[in-house]
Amino acid sequence: MKVLVATEKPFAAAAVEGIKKEIEGAGNELVLLEKYTEKAQLLDAVKDVDAMIIRSDKADAEVLEAAKNLKIIVRAGAGYDNIDLAAATAHHVVAENTPGQNSNAVAELVFGLLVFTVRNFYNGKAGSELKGKKLGILAFGNVGRNVARIAKGFGMEVAAYDAFCPADVIEAAGVHAVKSQDELFQTCDIVSLHIPATPETIKSIDYKTVNQLPKGGILINTARKEVINEPELLKLLAEREDLKFITDIKPDADADFAQFEGRYFSTPKKMGAQTAEANINAGIAAAKQINAFFKDGCTKFQVNK
Ligand code: NAD
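Each chain has its residues counted from 1, running along the sequence as written. Since the coordinates come from a predicted model, pLDDT governs what is reported: local features require at least 70, and pairs of side-chain atoms require 80 or more to be given and counted, while whole-chain, interface and lining totals use all residues. Note that water and hydrogens are dropped before the side-chain values are worked out from all heavy atoms of the structure.

A. Spotlight on the overall build of the chain. In this description a helix means any DSSP run of H or I spanning at least four residues, a strand means any run of E spanning at least two, and both kinds are numbered starting from the N terminus. A count of helices and strands for the chain gives 12 helices and 12 strands. Between the two quantities, the radius of gyration covers C-alpha atoms and the globule rule is 2.2 Å times the number of residues to the power 0.38. The C-alpha radius of gyration of the chain comes to 21 Å, within 12% of the 19 Å expected for a compact globule of 305 residues. With the C-alpha coordinates of the chain rotated into their principal frame, the extents come out at 60 × 40 × 35 Å. To sort residues, take the accessible area from a 1.4 Å probe on protein chains only and compare it with the maximum for the residue type: under 20% means buried, over 50% means exposed, and anything in between is partly exposed. Burial status across the chain gives 49% buried among its 305 residues. Whether two residues touch is decided by their heavy atoms; if any such pair falls within 4.5 Å, the residues are in contact. A separation threshold of at least 6 residues defines the contact pool for the chain, and within that pool the share at least 24 residues apart is 60%. All accessible-area figures derive from a Shrake-Rupley calculation using a 1.4 Å probe, and residue coverage is judged against the displayed protein chains alone. Element-wise, carbon and sulfur atoms account for 53% of the exposed surface of the chain, whose accessible area totals about 14,300 Å².

Shown next as structure tokens:
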């Protein structure tokens, strides 16, 4: 089987080496399309491949239409909103992601950002500590669970809400399961967002929701910028000088948020998953999933069921 790795922003060399070892070790052929600049290059490269691995590359209807032999496409990473799932299904292509491979990287960044925030962005003034503070985790998925694990090491009180994960699973991890998203915002000093971008969650983090945070509350977003209702959050930050908003995903209205100096921080680019380990893990997981699909028909990580 011919497997294409199509990456506008290539994997690290060690990841490519690992992917090659996996794919070729299973008797499949690997082809690379890296740093492509035109969509036409992608459309040409997909023409005769049986499988493909992508990162943030867009697999839209046109790409899926051009990939006549394609049977499986794997997004190396958690989010898969860059794949047109309806088009994949229409072309009988299995679409998968590689959940969990970068979740420790994102979770560690949450704490890097939180320490930076409670120490006043390292401006030299006395700050506060995370120990004893109550952290609310919105969505107890792969990232949320890693955040909970690390938070306990900091001596934080940890609560979580997940619309689909049963409370007993959350409690079994030693985390207090609250009954609603509102309760999480009402009872936690810091709320960390780990929800996916879905029709239910897009723009759901709005004025009313965030305004429930107690005095001095911190909102941290390492999920997706789409889940924030930016105009409403801007309005709230203008009204409540005690609130802080921290993210690794620059909002569209970054320039407007920047007026809240000392209460707003965004990393220059999305960087939660930007570690060598996450890059290698996700790439190799994608290769293993493709091998398992061709060998046993395994579709465990299919997202267009
Ligand atoms: P996951 O699929 O493992 O977990 C998502 C969780 O959200 C699930 O437990 C699900 O039940 C829950 N959920 C879905 N809809 C919900 C809702 N309406 N309310 C409450 N809970 C809901 O995903 P993950 O790997 O933990 O990733 C979480 C988020 O982090 C995603 O948005 C992903 O795109 C983002 N992410 C960001 C980076 C980064 O670089 N900042 C890297 C990886 C992932």
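B. Quick look at the side chain of Asn28. If you trace the backbone, Asn28 turns up in the loop between helix H1 (13-25) and strand S2 (29-34). Take Asn28: its relative accessible area is 12%, and that puts it in the buried class. N or O atoms closer than or at 3.5 Å make up a polar contact, with two conditions inside protein: a donor-capable atom paired with an acceptor-capable one, and, for residues adjacent in sequence, both atoms drawn from side chains. Of the polar contacts made by the side chain of Asn28, one reaches the side chain of Asn291; its length is 3.1 Å. Ignoring any residue separated from it by four or fewer positions in sequence, one finds Asn28 in contact with Met1, Val3, Ile23, Asn291 and Phe294.

C. Quick look at unusual backbone geometry. Although it is not a glycine, Phe121 adopts a positive phi angle of roughly 55 degrees. Within the secondary structure, Phe121 is located in the loop between helix H5 (103-118) and strand S6 (134-138). What makes Phe121 buried here is its relative accessible area of 17%. Located in the positive-phi region is Tyr122, a residue other than glycine, with phi close to 55 degrees. If you trace the backbone, Tyr122 turns up in the loop between H5 and S6. Judged by its relative accessible area of 54%, Tyr122 falls in the exposed class.

D. Broad picture of the layout of surface pockets. Volume-wise, the second largest pocket comes out at about 160 Å³. Cavities and pockets were defined on a 1 Å grid built over protein atoms only: a cavity is a set of grid points that admits a 1.4 Å probe from which the probe cannot escape, a pocket is an open set flanked by protein on both sides within 12 Å along at least five of seven lines, and lining residues are those with an atom within 4 Å of any such point. Lining of the second largest pocket is provided by 15 residues; of these, Val118, Ser128, Lys133, Gly216 and Ile218 occupy positions nearest its centre. Only Asp, Glu, Lys and Arg are considered charged in this grouping, and only Ala, Val, Leu, Ile, Met, Phe, Trp, Tyr, Cys and Pro are considered nonpolar; every other residue, Gly among them, is considered polar. Of the residues in the lining of the second largest pocket, the class split is four nonpolar, six polar and five charged. Grid points are joined across faces, edges and corners, and a volume is the space filled by probe spheres set on the points.

E. Representation of the site of the ligand. Any residue with a heavy atom lying within 4 Å of a molecule or strand is counted as near it. Taken together, 22 residues sit near the ligand, with Asn142, Val143, Asp162, Ile195 and Asp248 positioned nearest. Note that an oxygen atom of the ligand is positioned 2.9 Å from one of the backbone N or O atoms of Ile195. In the environment of the ligand, an oxygen atom lies 3.2 Å from a nitrogen or oxygen atom belonging to the backbone of Ala273. Out of a free accessible area of 860 Å², the ligand has 85% covered by protein chains.

Honestly, it's all geometry; don't read function into it.
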